[in-house]
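# Fold and geometry: a report
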Amino acid sequence: MNEKVRVVVDAMGGDYAPEEPVKGALEALQEDSRIELILTGPEARIRSELSRYTYEESRVKVVDAPEVIETGEPPVKAIQTKKNSSLVVGLNLVHKGEADAFVSSGSTGAVLVGGQAIVKKIRGIHRAPLAPLLPTANGVSLLIDCGASVDARPAHLVQFAVIGSIYMKSVLGIQNPRVGLVNIGVEEEKGNALCKETFPLLRECKDINFIGNVEARDIAKGVADVYVTEAFVGNVILKMYEGVASTLLHEIKGAIYSSARSKIGGLLIKPALKSTLKKFDATAYGGAPLLGLKGLVVKTHGSSKAVEFKNTVLQCIQFKEEDVNGKIQEFLAKESAARESGRSDASASAAGDPQ
């Protein structure tokens, strides 16, 4: 499939804008001929950055957006008042069908609010969760939600499990994704009220492969393909995951260079170590899509460098080609039709019952 994929990159989002977003976007452009880029931000500044590179100009468009939403700004107010910001302009391009995806490492709150207010949720979606891929011993797993719905209810978590399974089947090719509910113990009766109420609902859901509760220590082992939780716990897991990986890498490097003997040993194990560490490099898997919207919105870390932007832009290709949104809409339509059929059967049965 060689259909073009139009990706908007918020050139002013994140700690290293516009240098890293522009560099990463152009690297993705060079790597895949299907990509067409739209960069949003102050036009003069973006073109100045672009002048440093050689690229196929016919595949890159700059849309002037002179305003910037800063990380500390109240998200709702920022979206409402900064209509000409790189973030709002980019989201509107997706909403109007002029782009297939939007990528930003800017304010998480603004991306979440803007995604749902501008791009809008698919009909039938309760909450649109952020769902990053986590590297594990068995490949990658999806963590859903990691920051969008801190007050989620049991029905929301069930829907997260379903759309997370659709994503993993479509994008990763896992035919029957294992779904685990993140909890403080594997027993059914463990956890807070949310977990206790959600467990039986997940067990009864015929649209997923529910394997039960999963403890946080087992996530890195890859015991499940989809880890379901509400945003507060999910965000803590994600940040802890990243922190441990970064610290461990730093400590390993320090140990290797601590003496002449360790340096020699380091050279001997370097190929194997490099391969293992690369496997647990989260930047290789792109950003976290906000699932359940009418268009693709992907949030990357505020500290993202070019490699993460490149991988996130490339990630958008498969999302479009596998028609993840279409599959989510198809499932919701079937679910709605089944509910209507159930209500009709119940009404017909009640009408036929003798009083």
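Residues numbered from 1 in each chain as written. Predicted model: local features only at pLDDT ≥ 70, side-chain atom pairs only at ≥ 80, totals over all residues. Heavy atoms only, no water.

On to the sheet that holds strand β4 (residues 101-104), then. If you walk across this open sheet you meet the six strands as β3-β2-β1-β4-β11-β10, and the pairing is mixed. Every other strand in the sheet has two partners, leaving β3 (60-64) and β10 (288-289) as the edge strands with one partner each. Judged from the six bridges that link them, strand β1 (residues 5-10) and strand β2 (residues 35-41) form a sheet pairing that is parallel. In the sheet register, Val7 faces β2, and the bridge partner there is Leu37. Contacts between helix α10 (residues 306-321) and the sheet are confined to β1, β2, β4, β10 and β11 (296-299), with β1 contributing the most and set at about 145 degrees to the helix. (Pairing = 2+ DSSP bridges. Helix = DSSP H or I, 4+ residues; strand = E, 2+ residues; numbered from the N terminus. Contact = heavy atoms within 4.5 Å. Axes fitted to C-alpha atoms, helices over the stretch in contact; angles between N-to-C directions.)

At a minimum axis distance of 9 Å, the contact between helix α4 (residues 86-95) and helix α5 (residues 108-119) shows a crossing angle of 35 degrees. Here the hand of the crossing between α4 and α5 comes out right-handed. Each of Leu87, Val88, Leu91, Asn92, Val94 and His95 in α4 lies in contact with α5, whose residues at this interface are Ala110, Val111, Gly114, Gly115, Ile118 and Val119. Residue classes in the contact of α4 with α5 are distributed as eight nonpolar, four polar and no charged. (Left-handed = near helix turned anticlockwise from the far one by under 90°. Nonpolar A, V, L, I, M, F, W, Y, C, P; charged D, E, K, R; others polar.)

So, about unusual backbone geometry. Negative phi values dominate among residues other than glycine, just as trans dominates among peptide bonds. Looking along the chain, the bond that leaves Ala17 and enters Pro18 is cis, with omega of -5 degrees. Relative to the elements of secondary structure, Pro18 occurs in the loop between β1 and α1 (19-31). Residues Ile144 and Asp145 are joined by a peptide bond in cis, for which omega reads 20 degrees. Counting through the fold element by element, Asp145 comes out in the loop between β6 (139-144) and α6 (154-171). Residue Asp323 is not a glycine yet carries a positive backbone phi of 50 degrees.

The subject of this paragraph is the pattern of salt bridges. For the coordinates displayed, the defined rule picks out 18 salt bridges. The residue Glu3 makes a salt bridge to Lys320 at a minimum N-O spacing of 3.2 Å. A residue pair is termed long-range when its members are at least 10 positions apart, and Glu3 in the segment before β1 and Lys320 in helix α10 qualify at 317 residues. Classification of Glu3 by relative accessible area gives partly exposed; the value is 40%. The partner of Arg178 in a salt bridge is Asp225, with the nearest N and O atoms 3.1 Å apart. Of the two residues, Arg178 sits in strand β7 (residues 178-183) while Asp225 sits in the loop between β8 (209-215) and β9 (226-228), which places them 47 residues apart along the sequence. (Salt bridge = Lys/Arg side-chain N within 4 Å of Asp/Glu carboxyl O. Buried < 20%, exposed > 50% of the residue type's maximum accessible area, 1.4 Å probe, protein only.)

Our focus in this paragraph is helix α2 (residues 43-50). Taken together, the buried positions of α2 are occupied by Ile46, Glu49 and Leu50. For α2, the buried positions fall inside an angular range of 100 degrees around the axis, keeping them on one side. Turning to α2, the residues buried within the fold contact α1, β2 and β3. (Arc of directions from axis to C-beta.)

Of all six residues in β6, five are buried, a share of seventy percent or more. Note that strand β5 (residues 133-136) and β6 share four bridges and pair antiparallel. Bridge pairing links Leu133 to Leu142 in β6. Counted between consecutive antiparallel strands, the loop separating β5 from β6 contains two residues. With three bridges joining them, β6 and β9 adopt parallel strand pairing. Each residue of the ladder has a partner; that of Leu143, found in β9, is Tyr227.

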